[in-house]
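Residue strings, one per chain:
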Amino acid sequence: MTINYIEKSKFMHSFISEQGHTLQNLDGVWVSDNDDAVQAIIESFNPLPLLQKEYVDLVNKAAGETRVKYVTNVPFQEAAYQMKEADTRRYKADGYPADLTLYPFTAFEADATGLTPTQAADLVISQADQWMFLSAMIEGLRRKATVSIEAVTDWQQVSVVAQSYIAQLEQI
């Protein structure tokens with residue numbers, strides 16, 4: 001018997017091996033240890049769940065890469081941004097007091113930028129608001145991609161769907 005090999009994904013050879021069989025291409029001819037068993041595996045192999053997981057991971061990676069275009073990605077930086085935002089919003093809500101003792105992030109931001117504390121606080125708040133919108137857009141695309149990928153029923157379409165969302169994320 002001749003193996004009628006159909007490449008369904010990079011996972012198929014591993015799956016054949018996990019089933020206790022071998023398949024290799026020798027000079028353009030597919031050779032196996034048990035042609036009937038391997039052909040049955042090839043015909044029944046459904047790579048959809050494996051491809052869905054792989055492409056959801058790729059979308060998540062693309063979303064992460066898009067996010068780090070706009071923020072500093074070092075340990076504890078996200079928490080520092082959140083504390084700075086909270087500090088500056090509190091400073092503004094308290095009426096921009098002259099005494100900065102209770103607003104250390106505002107004080108240090110003003111010192112670092114050469115702005116007044118009021119200007120520094122308003123700038124941080126404006127940047128946080130812009131990041132909120134941008135972050136929501138990235139997360140919205142990431143979630144829409146995940147839901148769309150998980151809804152695909154044809155393994156040959158998983159890549160097409162995922163790549164369309166990855167391209168959109170890369171454009172942000």
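Residues numbered from 1 in each chain as written. Predicted model: local features only at pLDDT ≥ 70, side-chain atom pairs only at ≥ 80, totals over all residues. Heavy atoms only, no water.

(A) Looking closely at the side chain of T66. For T66, the position within the fold is in helix 3 (residues 48-67). There is a polar contact of 3.0 Å between the side chain of T66 and the backbone oxygen of L169. Ignoring any residue separated from it by four or fewer positions in sequence, one finds T66 in contact with I138, L169, E170 and I172. (Helix = DSSP H or I, 4+ residues; strand = E, 2+ residues; numbered from the N terminus. Polar contact = N/O pair within 3.5 Å; in protein donor to acceptor, adjacent residues only side chain to side chain. Contact = heavy atoms within 4.5 Å.)

(B) Region of the structure containing the packing of helix 4 (residues 77-93) against helix 6 (residues 117-151). Two elements in contact, helix 4 and helix 6, have axes whose closest approach is 9 Å; the angle formed by their N-to-C orientations is 125°. Here helix 4 lies oblique to helix 6, going by the angle between them. Relative to helix 6, the crossing made by helix 4 is left-handed. Between helix 4 and helix 6, the residues in contact are K84, E85, T88, R89, Y91 and K92 and P117, T118, A121, D122, V124, I125, A128 and D129, respectively. Split into classes, the residues belonging to the contact of helix 4 with helix 6 amount to six nonpolar, two polar and six charged. (Axes fitted to C-alpha atoms, helices over the stretch in contact; angles between N-to-C directions. Parallel < 35°, antiparallel > 145°, perpendicular 65-115°, else oblique. Left-handed = near helix turned anticlockwise from the far one by under 90°. Nonpolar A, V, L, I, M, F, W, Y, C, P; charged D, E, K, R; others polar.)

(C) Structural detail: the packing of helix 5 (residues 104-113) against helix 6. The N-to-C vectors of helix 5 and helix 6 enclose an angle of 100°; their axes lie 8 Å apart at closest approach. What the angle tells us is that helix 5 and helix 6 run roughly perpendicular. Contacts between helix 5 and helix 6 involve T106, E109, A110 and T113 from the first element and P117, A120, A121 and V124 from the second. Within the contact of helix 5 with helix 6, the residues separate by chemical class into five nonpolar, two polar and one charged.

(D) Spatial organisation of the environment of L115. Its place among the elements puts L115 in the loop between helix 5 and helix 6. Spatially, the C-alpha atom of L115 lies 36 Å from that of L141, the residues being 26 residues apart in sequence. Ignoring any residue separated from it by four or fewer positions in sequence, one finds L115 in contact with A110, A120 and L123.

(E) Structural context of the pairing of strand 1 (residues 23-26). Across four bridges, strand 1 lies against strand 2 (residues 29-32) in antiparallel orientation. For N25, the partnering residue across the bridge sits in strand 2 and is W30. (Pairing = 2+ DSSP bridges.)

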